[in-house]
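# Reading the structure
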Amino acid sequence: MRETMVLDAAGIKTPDASKARRLPEGWSAVKDRARMPHYTFTYNGPLTGTLRVPGDKSISHRALMFASLCVGTSRITGLLEGEDVLATAAAMRQLGARIERESDGVWRVDGVGLGGLLEPAQALDMGNSGTSTRLLMGLLASHGLTATFVGDASLSGRPMKRVIAPLSQMGAAFEPSRGGTLPLMLRGAQPPVPITYRLPVASAQVKSAVLLAGLNTPGTTSVIEPVPTRDHTERMLSAFGVEVEIAEEAGERVISVTGEADLSPCDVVVPGDPSSAAFFLVAALAVPGSDLVIENVGLNPTRAGIISVLREMGGAIEELNPREVGGEPVADLRVRHSALKGIDVDPALAPSMIDEFPVLFVAAALADGTTRTSGLEELRVKESDRLAAMAAALTSVGARVVELPDGLEIEGTSGDPLRGSANAAVETQLDHRIAMAMAVAGLASHDGVQIDDTAPIATSFPTFMELLQESSGR
Ligand code: S3P
């Protein structure tokens, strides 16, 4: 039976809705996802055959948002039907768009037009999704309406000041919870003013929030990006007919949009998510005898850092049938079991593999020698503190890990299986990527790895368990 959990304004969970403290006016209670029972991932044979991972999460969010900003119908093929993206779909419906899944699995979006978004009658429930929250805060900041954002316990602990700061400069007003977190109330600027904003952290979410605010802001809004981050916003806005100017100034990227922009409906094909593929790449590299093809993986250079790092560690990963899907480079990846060696990971690669570190740490724990990572302070403010969570999780299954302020140092087993965790469950802390990374560790362990909750996996990869079962049980 699903247990109803309520998150109050202070982020306190109570299991009984009727006993929850009253929320401030305008804030609605959030149901937390029901927890799944403990689950143990164990060796189940080599990974072989062919599989397809679901659509890219970053691209799926953007496709729903941008299609909602058009007058007319857009169709999205290959949309990720994970909880985060469904939270975006629900929010865009509350803002006036008509969004439906057709019988062939294609999503149809009838947009309301830029500037035509409606004031939501209820709080926007962002679930676990930082991307939905920060991008929508940007979009709504330049619309003269009021909206409240709420989320689950993990999202309610994540920093929002990084978007509040530039969006306030554009004229929006915010009432966040103490510490600059959700629940948060936003009042859009009327009229918004354009800014030029240099990103203080390498974050595609912050970049995108400012650019999306710029769409409905008269004049030119620019973001200066000292370190390149994923560029799906820029690519997809262009596909929707927005003129996005990209200049290179003193080694920095300057991205500009001019409002008020006009978006034209567009049919989007979403490639497979490289962040999801990464779990299967490491699983196949780690489990002896594996030879697996992962089809249709997006290989945008701003996302593909994990592939070069795994290759540098000795991983046999081949790109087959390279092509373009929906304006993004894509290939099928053939990956075979390989003896991995420890390396020093270049911190400059971090933005292009920021979500892949949990599973990279698993690869490092099985490699020959030491892997050192640095420059990863941002991992502390993801769905969990991923440095602390992975250090604790890997240590509990027998890996040798030193946690540093900005990275992990991991001494690998030279290919021997990890001990595993038959008796105590690893804590995944509402973090889908901790859950999946430790599932992969379980495949290369003596006793298996028990994790406390598999429910968060549905955030980004609802078919993970099924694909794992299919590819390793052949
Ligand atoms: C995302 C950007 C990254 C990433 C997140 C998705 C995006 O976050 O971790 O999963 O779609 O723009 P930051 O921009 O905060 O690094």
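Every value quoted in this text rests on a predicted model; they were computed, and no experiment measured them.

## Examining the side chain of Gln-205
Note that Gln-205 resides in helix α5 (residues 204-215). Not counting residues within four places of it along the chain, the set of residues in contact with Gln-205 comprises Gly-130, Thr-131, Arg-134 and Leu-135.

## Looking at the sheet that holds strand β20 (residues 328-336)
Reading across the sheet, the 4 strands line up as β5-β18-β20-β19 and stay open at both edges, with mixed pairing between neighbours. Strands with a single pairing partner mark the edges of an open sheet, and in this sheet they are β5 (48-52) and β19 (316-325). Across the sheet, the axes of successive neighbouring strands diverge by a mean angle of 15 degrees, strand direction being ignored. Sheet analysis places strand β18 (residues 291-298) next to β20, joined by 6 bridges and oriented antiparallel. Bridging from a neighbouring strand, Val-293 pairs with Arg-334 of β20.

## Comments concerning the pattern of salt bridges
Side-chain pairing between opposite charges can occur once the charged atoms of the two side chains come close. All told, the structure shown has 31 salt bridges when counted by the stated rule. Across the salt bridge formed by Glu-175 and Arg-187, the nearest N and O atoms sit 3.4 Å from each other. Of the two residues, Glu-175 is situated in strand β11 (residues 173-177) and Arg-187 in strand β12 (residues 181-187); the sequence distance between them amounts to 12 residues. Judged by its relative accessible area of 41%, Glu-175 is partly exposed.

## Concerning the sheet that holds strand β4 (residues 39-41)
Spatially, the 3 strands line up as an open sheet ordered β4-β25-β24, and their pairing is mixed. Of all strands in the sheet, those with a lone pairing partner are β4 and β24 (421-426), marking the two edges. Strand after strand, the sheet turns through a mean of 30 degrees between neighbouring axes, direction not considered.

## Things to note about the site of the ligand
Around the ligand, 13 residues are found, and the nearest of them are Ser-58, Arg-62, Ala-204, Asp-355 and Lys-382. Contacts to the ligand include Ser-58, whose side-chain N or O atom sits 2.7 Å from an oxygen atom. Between an oxygen atom of the ligand and a side-chain N or O atom of Lys-382, the distance comes to 2.7 Å. When the ligand sits alone it has 380 Å² of accessible area, and the protein chains cover 96% of it. More than half of the atoms of the ligand fall within 2 Å of the grid points belonging to the largest pocket.

## Structural notes on the domain arrangement of the protein
Examined at the domain level, the protein breaks down into domain 1 (5-55 + 271-471) and domain 2 (60-268). A straight line from the C-alpha centre of domain 1 to that of domain 2 covers 26 Å. When the two sides are added together, the surface that domain 1 and domain 2 hide from each other amounts to roughly 2700 Å², 51% of it contributed by carbon and sulfur. The interface formed by domain 1 and domain 2 holds 3 salt bridges in total.

The rules behind these values
Residues numbered from 1 in each chain as written. Predicted model: local features only at pLDDT ≥ 70, side-chain atom pairs only at ≥ 80, totals over all residues. Heavy atoms only, no water. Helix = DSSP H or I, 4+ residues; strand = E, 2+ residues; numbered from the N terminus. Contact = heavy atoms within 4.5 Å. Pairing = 2+ DSSP bridges. Axes fitted to C-alpha atoms, helices over the stretch in contact; angles between N-to-C directions. Salt bridge = Lys/Arg side-chain N within 4 Å of Asp/Glu carboxyl O. Buried < 20%, exposed > 50% of the residue type's maximum accessible area, 1.4 Å probe, protein only. Near = heavy atom within 4 Å. Polar contact = N/O pair within 3.5 Å; in protein donor to acceptor, adjacent residues only side chain to side chain. Areas by Shrake-Rupley, 256 points an atom, 1.4 Å probe, with all protein chains shown as cover. 1 Å grid on protein atoms, 1.4 Å probe; cavity = no way out; pocket = protein on both sides within 12 Å on 5 of 7 lines; lining within 4 Å. Sits in = over half its atoms within 2 Å of the grid points. Domains from an automatic or database assignment. Buried area = accessible area lost by both parts, 1.4 Å probe.

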